[in-house]
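# Architecture and fold: a report
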Amino acid sequence: MTAKANVIGVPRFTEITDLTIPTLSILDAEGKLRKDAHEPLINKATAMKIYQDMAYIRILDERMVAAQRQGRLSFYLTCTGEEASVVGSIAGFKSHDMVMSQYREQAALRYRGFSSEQFMNQLLSNDLDFGKGRQMPIHYGSRELNYMTISSTLATQIPQAAGYAYGQKLSGKDACTICYFGEGAASEGDFHAGLNMAAVSNCPVVFVVRNNGYAISTPTSEQFSGDGIAPRGIGYGISSIRVDGNDILAVYAASVEARKLALEKNAPVIVETMSYRLGAHSTSDDPTNYRSSAEEDVWRKKDPILRMKNWMLDKGWWSDQQDHQLKAQYKKEILDALKSQEKRPSPSISELITDVYKTPPAHLQKQYKDLLSHIDKYPDHYLPNPNKVDHQTALTQFN
Amino acid sequence: MPQINLLQAVNSALDTAMASDQRVICLGEDIGEFGGVFRATSKLQEKYGKQRCFNTPITEQGIVGFSIGLAAQGSVAVAEIQFADYIFPAFDQIVNEAAKFRYRSGDQFSCGGLTIRTPYGGGIAGGLYHSQSPEAYFCHTPGLKVVIPSTAYQAKGLLLASIRDPDPVIFFEPKAIYRAEVGEVPDQDYEIPLGIAEVVTRGTDVTLLGWGAQMHQLHRAAKMALEDGIQCEVIDLRTLLPWDLETIVASVNKTGRLIVSHEAPRTGGFAGEIAAAIQEECFLSLESPIIRVTGMDTPFPLVFEKEYLPDYLKVYEAIKQSVNF
């Protein structure tokens, strides 16, 4: 698309201030509808599900951080403060749309139907973990739920999402891809490559950028000089919108429209959700080293879950009593799942060499056999729970 | 002499380099006020200001490309890549640019002032993306130097030498022993020359060769072997590119046996290069086949990390196999 040449006779530079991106905001801080805002069409069942999944993830995150501190998990990473950005966006999509996320979007996986047991299986690397105990905690994935397995590497999923969406378009199905990442990942080369290719190749992909203020310790002021991420979309010719990421209705309304646009126009769309990472980057991080609690308190008051709850109470769709019961029920469900799934065995040691290739090649089978004979010499040193693993079966599997 | 750990030794080297040369600039993700995710750059921004020690956006290719430009201009760039697993977006800048900068210009331009520091290796329950040992990829690239310390003393002396070396250096830091590895390290400025291996333990029966965190496994295996009456000569390669062939040849000509060990996968690992070169040089002195004790040819696992790693027991078994051949 070539814009009509706009010729000037003296040098005049275009500045970032020439482009102002508005922020969609529907609920105010108290959860009341803002005067000039349109409430999106949302039925009670959807609203209830959104609210319940946000509440669930808040509790899951709290419990898992505690479990990590008790040494029951090696690592964890919360979504706290950004629940509306994630649940509000995924709720605007269909269950057959593909999700390609970064690593702070467990709430989207919950929305798709991931159970407490399934979360625990991955976090605890047990025999039921879909990823076979190979990745660090929080690297979920589910073929059944159209949720691509997470990689720790940043932004690699962005060009992949463009390609996935291109394939969806060619397949003629009414499906698109939703791709999540943070404002820090948007500095990677893959972000720029992915956006450009998505635009040039007309890919039905919606990029949801969680602009949450920090990339580990690095504040946005040291991450970029421009006005956030949305204007970059414009630069690549991509329809872009910025929303209050703590306002569930704004995120939901923008996401429903974004999906529609992506599929109608066969084009990428960017939704930038403005929010704040209320927790640490991960359990390996301590934010008191780089930001003040006063700053955090400002955002704690903008809690997206509380804001939605107030709106639901006003609607008569929810009560404090229901809220209390729900949270108690989730707490119990999560702790029960932790207790039961941590008793499960590790995956079989034969999984050490599976899935590297479709079929383990000869050299890998030999390495595996050598390993098993070595383990037999020092049975007490390896496989701390030998009863967990039937490695004789494992050995015969490749013979 | 103060006792400090390997991480503090890295910090001390950076501090020393920045104090002794105004041109030294440190950059990388989270290295500023925070001091890096491992704290290797702790207090450097406070001491030398934001212009000389600063956070970068999250872009490894940007960090390395920027550092190459900085070095070409005459500054001394010390770039941190937060984990070696994340160095790959910068692969083009390192392999096609940094490594060939001098060669392609007929020495009109160089980026010799570039040092890339990056924590590497397993043993921390880091799974696929916080455990890898990618040194062999870079050892396959003429124009680069590759350095890996195994002690606090080495870390400071080798890092200072790397920063001041006239060629681009990739400096891999064994993160599993960042804090566990403690030793005497002088406060003052000193360098350990690159390209020279260190014979750590003298022995007559079998040569054990490794680098980085793997040295701990070699020393432990050597102790076990000593109880069986086998005297291992333990050598720390320290610089992988260019590597000290002469020291290894002298040792193997004496012992007649060589075991090379690294965490990285076996196929295409640097032990293969060493084994090939040593059989060329020492064919008639060899009493048994050169043995590689390495990681397996799989991505780095999580639950079976212990089984995957080439630990001291695997090295000990290799020693027996070599001696009893």
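See the structure shown above.
Residues numbered from 1 in each chain as written. Chains lettered and ligands numbered in written order. Predicted model: local features only at pLDDT ≥ 70, side-chain atom pairs only at ≥ 80, totals over all residues.

### Some words on the packing of helix 5 (residues 157–171) of chain A against helix 6 (residues 189–200) of chain A
Residues and elements named next belong to chain A. The interhelical angle for the contact between helix 5 and helix 6, taken along N-to-C directions, is 15 degrees, at an axis separation of 7 Å. In terms of orientation, helix 5 lies roughly parallel with respect to helix 6. Relative to helix 6, the crossing made by helix 5 is left-handed. Side by side, helix 5 and helix 6 meet where Ile158, Pro159, Ala161 and Ala162 of the first sit next to Asp190, Phe191, Ala193, Gly194, Met197 and Ala198 of the second. Split by residue class, the contact of helix 5 with helix 6 holds eight nonpolar, one polar and one charged. (Axes fitted to C-alpha atoms, helices over the stretch in contact; angles between N-to-C directions. Helix = DSSP H or I, 4+ residues; strand = E, 2+ residues; numbered from the N terminus. Parallel < 35°, antiparallel > 145°, perpendicular 65-115°, else oblique. Left-handed = near helix turned anticlockwise from the far one by under 90°. Contact = placed C-beta atoms within 7 Å. Nonpolar A, V, L, I, M, F, W, Y, C, P; charged D, E, K, R; others polar.)

### With respect to unusual backbone geometry
That bond from Leu241 of chain B to Pro242 of chain B is cis: its omega, -5 degrees, falls within 30 degrees of zero. By secondary structure assignment, the location of Pro242 of chain B is in the loop between strand 12 (239–241) and helix 9 (245–255). Of note in this structure, Asn266 of chain A is not a glycine but carries a positive phi near 50 degrees. Along the polypeptide, Asn266 of chain A turns up in the loop between helix 9 (248–265) and strand 8 (269–274). Asn266 of chain A sits in the partly exposed class, given 16 other C-beta atoms within 10 Å. With a phi close to 55 degrees, Ala125 of chain B is a non-glycine residue in the positive phi region. Relative to the assigned elements, Ala125 of chain B resides in the loop between strand 5 (114–120) and helix 6 (135–139). When the 16 C-beta atoms within 10 Å are taken as the criterion, Ala125 of chain B is described as partly exposed. (Buried ≥ 20, exposed ≤ 12 C-beta atoms within 10 Å, placed from the backbone.)

### Topic: the sheet that holds strand 7 (residues 239–244) of chain A
The pairing of strands in a sheet comes from backbone hydrogen bonds and takes either a parallel or an antiparallel form. Strand order in the open sheet made by the six strands is 1-7-8-4-3-2 (chain A), with parallel pairing throughout. Each edge of the open sheet is held by one strand with a lone partner, namely strand 1 (23–24) and strand 2 (98–100) of chain A. (Pairing = 2+ DSSP bridges.)

### A few points about helix 1 (residues 6–20) of chain B
All names here are of chain B. Across its 15 residues, helix 1 extends 21 Å between first and last C-alpha, which sits within 8% of the 21 Å expected from 1.5 Å per residue. Of all 15 residues making up helix 1, 12 are buried, and the element is well covered by its neighbours. Those residues of helix 1 that fall on the buried side of the exposure criterion are Leu6, Leu7, Gln8, Ala9, Val10, Asn11, Ser12, Ala13, Leu14, Thr16, Ala17 and Met18. Turning to helix 1, the residues buried within the fold contact strand 1 (3–5), strand 2 (24–28), helix 2 (44–48), strand 4 (76–80), helix 7 (152–164) and strand 7 (169–174). (Expected span 1.5 Å × (residues − 1).)

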